[in-house]
Each structure stands twice: as structure tokens, then as C-alpha cells.
Amino acid sequence: MGVSRLDKFYRRLLLTKLFIGGWGKPEDLKRIFQFRKLIGNREKCKSLVPENYPVYINKTEDHADCQIHDGFFMSPLEHLVSGILPPEAIKARFQFIVPKRWKKNRPVCIHLAGTGDHFFWRRRTLMARPMIKEAGMASLLLENPYYILLRSSLKNVSDLFVMGGALILESTVLLRWLEREGYWPLGMTGISMGGYMASLAVTNWPKPIPLIPCLSWSTASSVFTTGVLSKAVNWTELEKQYAINSVYEEEIIKLLEYCGADSFKMSPEHIKNIDSLEHLLGLSGVEAEAGRGLLFGGGPEENRAGDRMDQLLSSSVNSHGMSLETPTKNTLHGRKSDSPRCCRPSLHRESISFMKGVMDECTHMANFSVPVDTGLIIVVQAKEDAYIPRTGVLSLHEIWPGCEVRYLNGGHISAYLFKQNVFRQAIYDAFDRFCLKYPNLH
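What counts, and where the lines are drawn
Residues numbered from 1 in each chain as written. Predicted model: local features only at pLDDT ≥ 70, side-chain atom pairs only at ≥ 80, totals over all residues. Heavy atoms only, no water. Helix = DSSP H or I, 4+ residues; strand = E, 2+ residues; numbered from the N terminus. Buried < 20%, exposed > 50% of the residue type's maximum accessible area, 1.4 Å probe, protein only. Polar contact = N/O pair within 3.5 Å; in protein donor to acceptor, adjacent residues only side chain to side chain. 1 Å grid on protein atoms, 1.4 Å probe; cavity = no way out; pocket = protein on both sides within 12 Å on 5 of 7 lines; lining within 4 Å. Points joined across faces, edges and corners; volume = space filled by probe spheres on them. Nonpolar A, V, L, I, M, F, W, Y, C, P; charged D, E, K, R; others polar. Expected span 1.5 Å × (residues − 1). Pairing = 2+ DSSP bridges. Salt bridge = Lys/Arg side-chain N within 4 Å of Asp/Glu carboxyl O. Phe/Tyr/Trp six-rings, centres within 6.5 Å; stacked < 30°, edge-to-face > 60°. Lys NZ or Arg CZ within 6 Å of the ring centre and 35° of its normal. Core = buried A, V, L, I, M, F, W, Y, C linked by side-chain atoms within 4.5 Å. Contact = heavy atoms within 4.5 Å. Axes fitted to C-alpha atoms, helices over the stretch in contact; angles between N-to-C directions. Parallel < 35°, antiparallel > 145°, perpendicular 65-115°, else oblique. Left-handed = near helix turned anticlockwise from the far one by under 90°.

(A) Broad picture of the side chain of Asp360. Within the element layout of this structure, Asp360 appears in helix α13 (residues 347-363). Accessibility expressed as a relative area gives 2% for Asp360, which makes it buried. At 2.9 Å, the side chain of Asp360 and the side chain of Ser221 are in polar contact.

So, in C-alpha cells, the structure goes:
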């Protein structure tokens, strides 16, 4: 299956760069990786968020069909990993849109925000208000950390992982609050990055719950290494920091635990999803051919190219594609060289591999507990999604046996613009499935 031309075109219209600040502080990465080991195990997390965690409503607006409540609470992540959140993100904010007339039960779906989905208006307009009209279903819209007051976005790679940790805990706070308030059934959804975050949150919830991730998949690593968003990543800054600070290569790599079937390697099919392999690798000629063999694997031709690359590259690579050399010493034809780490021709390839490693560590669903009932999961995916590559990574079918995947024609952008009704229908279906299966679970 090809990728959407509209996805590629739309990406070219956007001039924003991702991760302009670089990887983030090594100390922050170490702390969040350590926390991921805890949050990835549902049994260990039962007492992380107190049952009666305080939640506050500070404003209510009355509308013809609903009431809109603005609320807030302190993010539990600040208590558990102190100082990891920026000051403006310590207070979590949400909007709760409640119908004036319930049609059946008092269902609430929590919507997590996609990339760039600042504040609440987009989710409120495209999803929450229609869901009140169509199904009498309430929606709770949680604002992403770093998106507070429209001021901020993800400056560092580590910010994405901090956001994930915060949203897992904040979703737990809200689900428990909604339970205390008597709402039922409860479910979670999100589009694009919001779908990833909703999936992460549900892996930590100790009860059966409907989950509807739209336009997301099993890991974010492919998004930033082979999808169209990889072109927006500030590789220059990432490579510079990776070269200058040996802690990424020598210490942080050792903290990466995910070693699944798709760990630290990318499929040859990914080549079809990018305009130019040479552009991605920052190589040309025989180096690009060799890079294809080393990075993507393949047959004899690729292996011969890889042999030639061994003579071109100034650092050796282990089985995970990571450099094993010391910070200042490189090996070339068996001889020691004093050339700076930042000058080695393999640097871009190593940075991509490191990006895949850290992304898989913190976002790969196989690194988290399997949701309690995968039969309540309905995934909605676009067949030609250029933002969320599915080739070469474990499918959600493999990680969550029993989940349902619904495919839409077209790509990421067209699905977002024209298929919101399909997303809503998947939500209704998942909630109906839950009510039939667990009519007394409240």
C-alpha cells in the first residue's frame, strides 16, 4: 500500500521544526526511563494515584444542549518525578462537556489531544458537541502538558516522554473522579498522538474499558524516523548533541530495554514511504547504498554494500545498530584515529537509530501492560497514512490479540478532515460492546 500524496503535500506546507532543543537533558531521560519501567507495569501502579485524588471545577457555562465545565488538578507526575514537568504544566486543565439530557446511562469519553491540538475548541467542535447530539454522550477533554495557554510545544525529544507519563497518571485521576461522580460507562479516545496517549493510559487502567485510538499505531518510533514527520525533525541539532555528549551513546543506550522483533531495525518497505533515502541518511553515492544495507538489511547486494560501508565508516556498530567506540577514538581499517566524533560519517545513521531506540523504550505498546480486555479496543487507521508508518513494526493485532482494527481509504490528513464521523461511530460501538459485556460493572 502506498502513502498519501496529500499527507506529503500537507507536511511540506508546514514550516515548523520538531525537537529544536535536541534530546533533552540526559538526567531527565534517565529519570523518565526509570519511571517508564514502573508505569509500564499495571500491577505496580495501583497505589500511585490515591483513590480520592482532588479534582476541582472552577467555571461552568450553560448552553442549550449541554453544560461546559472547566476544571483542574495537580499532575501526579510532579509528586512522583519532581521537577520533570515545566512549571506551567504542573496544573492539569480539562473541559467537561455534559449533555443536559442523557439518552441511556451517563457515558463519558475522555479525549486526549493530538499534535498541535492546543486548548479545547477543536475536539469540542469536531467530536464532543456532535457526540452529545448523536448519542447523548459526555466528553472530557484533557489538555496536553506543554500545550498550556497555546504557548508551548515539544521542544525536546524527552518532552514527549514526560508528556506520556503525565497523561497516563492524569487520565487515572480523571477516570477515578468520574467513577466517584457516578458516570458510567467510561472510555478513552484520541486522534494521532492523542490515540497513542489514550492507548498508553488504558494499559495502566486496572479494569475493562473501551479504547478507540484513531490514526495511531503500536509505536511512535516510525513516526519520527521514517514517516513524513521525520523530515521536520531537527536532525542537525540532534546529531550535534549526540556527538558532543557521550552520555547518550555510553550510558542512556544501556537503559533501553525494549528488544522486540522490530527493535532497532527498519524494514526495506520504509524506503517507499520517504522521498529520498540519501536525504534521510545524509549520505550519497556508495555511502547511501551501503547505508541501505546496514540500516534496512537485505540480500547479498545490500550485504556487499554493507561491507564497503565498513571501510567508509569510522565507528563500528553492534547488533542493535549502536556505536561501541569510545568518545574520541574511532577504528578505520583496524587503526586508531583521533578524528572528532562529530565528523564520523555514520553520525546521522546513529542518531536515527538512537531516536528509534528511545522512542520504542517509552512509546512502544509492547513495553506496557496489555489492556484488561482487548476485545473493547477498536482501532481506526488510514490505509495510506504517511504520518504513522505501519510497515516494519509490530502490529497492534500482535501486541493486543482480540482488538479490532478498522481501515479507512486515504491518508492521515484526509481521514482527520473528513472521517470524524467514523471515529465517533467506533466510539459508540466500543461503548455498546462494553455495556453488553459488563452490564453490572459499575
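(B) Up close: empty space enclosed by the protein. By the definition in use, this model includes 2 cavities of 30 Å³ or more. Forming the boundary of the largest cavity are 14 residues, of which Arg36, Phe161, Gly164, Gly165 and Cys362 lie nearest the centre. Put simply, the parts of the chain that give the lining of the largest cavity at least two residues each are α2 (26-39), α5 (157-180), α6 (193-203) and α13. In terms of residue count, the dominant contributor to the lining of the largest cavity is α5 (5 residues). Looking at the lining of the largest cavity residue by residue, the class counts come to 10 nonpolar, 3 polar and 1 charged. Approximately 80 Å³ is the volume attributed to the second largest cavity. What lines the second largest cavity is Arg42, Cys45, Lys46, Leu48, Val49, Leu169, Thr172, Arg176, Asn204, Trp205 and Pro206.

(C) Structural context of α5. Here α5 contains 24 residues, and its C-alpha end-to-end distance of 36 Å stays within 8% of the 34 Å for a straight helix at 1.5 Å per residue. Burial runs high along α5: 22 of the 24 residues are buried. Two residues or fewer after α5 comes Gly182, characterised by a positive phi angle close to 90°.

(D) Highlighting the pairing of strand β3 (residues 91-99). Burial analysis of β3 places 7 of its 9 residues in the buried class, which makes it a mostly covered element. Taken together, the 4 bridges between β3 and strand β5 (residues 138-142) define a ladder with antiparallel strand orientation. Looking across to β5, one finds that Phe96 is bridged to Leu140.

(E) Quick look at the pairing of strand β1 (residues 56-62). Strand direction decides the pairing type here: β1 and strand β2 (residues 66-74), joined by 6 bridges, are antiparallel. The residue bridging Glu61 from the neighbouring strand is Ile68, located in β2. Counted along the chain from β1 to the antiparallel partner β2, the turn is 3 residues long.

(F) Main features of the pattern of salt bridges. Applying the stated criterion across every chain, the model contains 14 salt bridges. Across the salt bridge formed by Lys59 and Glu61, the nearest N and O atoms sit 3.4 Å from each other. Judged by its relative accessible area of 43%, Lys59 falls in the partly exposed class. Among the ionic pairs, Lys437 bridges to Asp373, the shortest N-O distance being 2.8 Å. Of the two residues, Lys437 sits in helix α16 (residues 420-437) while Asp373 sits in the loop between α13 and β10 (378-382), which places them 64 residues apart along the sequence. We classify Lys437 as partly exposed; its relative accessible area is 48%. One salt-bridge network, held together by shared partners, links Glu404, Arg406, Asp429 and Arg433.

(G) How the structure looks around the packing of aromatic side chains. One pass over the full model with this rule turns up 15 aromatic pairs. Seen in terms of ring centroids, Phe33 and Phe161 are 6.2 Å apart; in terms of plane orientation they differ by 45°. Their pairing is tilted. Placement of Phe33 in helix α2 and of Phe161 in helix α5 is noted, with a sequence separation of 128 residues between them. Each member of the pair, Phe33 as well as Phe161, carries the same accessibility label: buried. Seen in terms of ring centroids, Tyr53 and Phe73 are 6.5 Å apart; in terms of plane orientation they differ by 90°. Their pairing is edge-to-face. Placement of Tyr53 in the loop between α2 and β1 and of Phe73 in strand β2 is noted, with a sequence separation of 20 residues between them. The exposure class assigned to Tyr53 is buried, which follows from its relative accessible area of 9%. Put simply, the rings of Tyr53, Phe73, Phe94, Phe96, Trp102, Trp177 and Tyr183 touch in pairs and so form one group of aromatic residues. The ring of Trp217 carries the charged tip of Arg390 above its face, separated from the ring centre by 5.9 Å.

(H) Looking closely at the nonpolar core. Counting residues in hydrophobic clusters, the biggest one holds 100 residues, and the most contacted among them are Trp23, Phe96, Phe161, Met188, Phe224 and Met355. The element best represented in this core is α5, accounting for 14 residues. Those residues in contact with Trp23, other than ones at most four positions away along the chain, are Leu29, Asn156, Val157, Ser158, Leu238, Gln241, Tyr242, Tyr248, Ser351, Phe354, Met355 and Val358. Core analysis: the second largest hydrophobic core is formed by 19 residues, Met127, Met131, Ile191 and Ala430 among them.

(I) Layout of α13. Taking 1.5 Å as the rise per residue, α13 with 17 residues should run 24 Å; its terminal C-alpha atoms sit 24 Å apart, in good agreement. Most of α13 is tucked away: 17 of the 17 residues are buried.

(J) Representation of the packing of α5 against α6. Taken N-terminus to C-terminus, the directions of α5 and α6 make an angle of 55°; their axes are 8 Å apart at the nearest point. Considering their axes alone, α5 and α6 lie oblique with respect to each other. Of the two possible hands of crossing, α5 and α6 adopt the one that is right-handed. Taking contact as the criterion, the partners of Leu160, Met163, Gly164, Leu167, Ile168 and Ser171 in α5 are, on α6, Met193, Met197, Leu200 and Ala201. In the contact of α5 with α6, the residues fall into 8 nonpolar, 2 polar and no charged.

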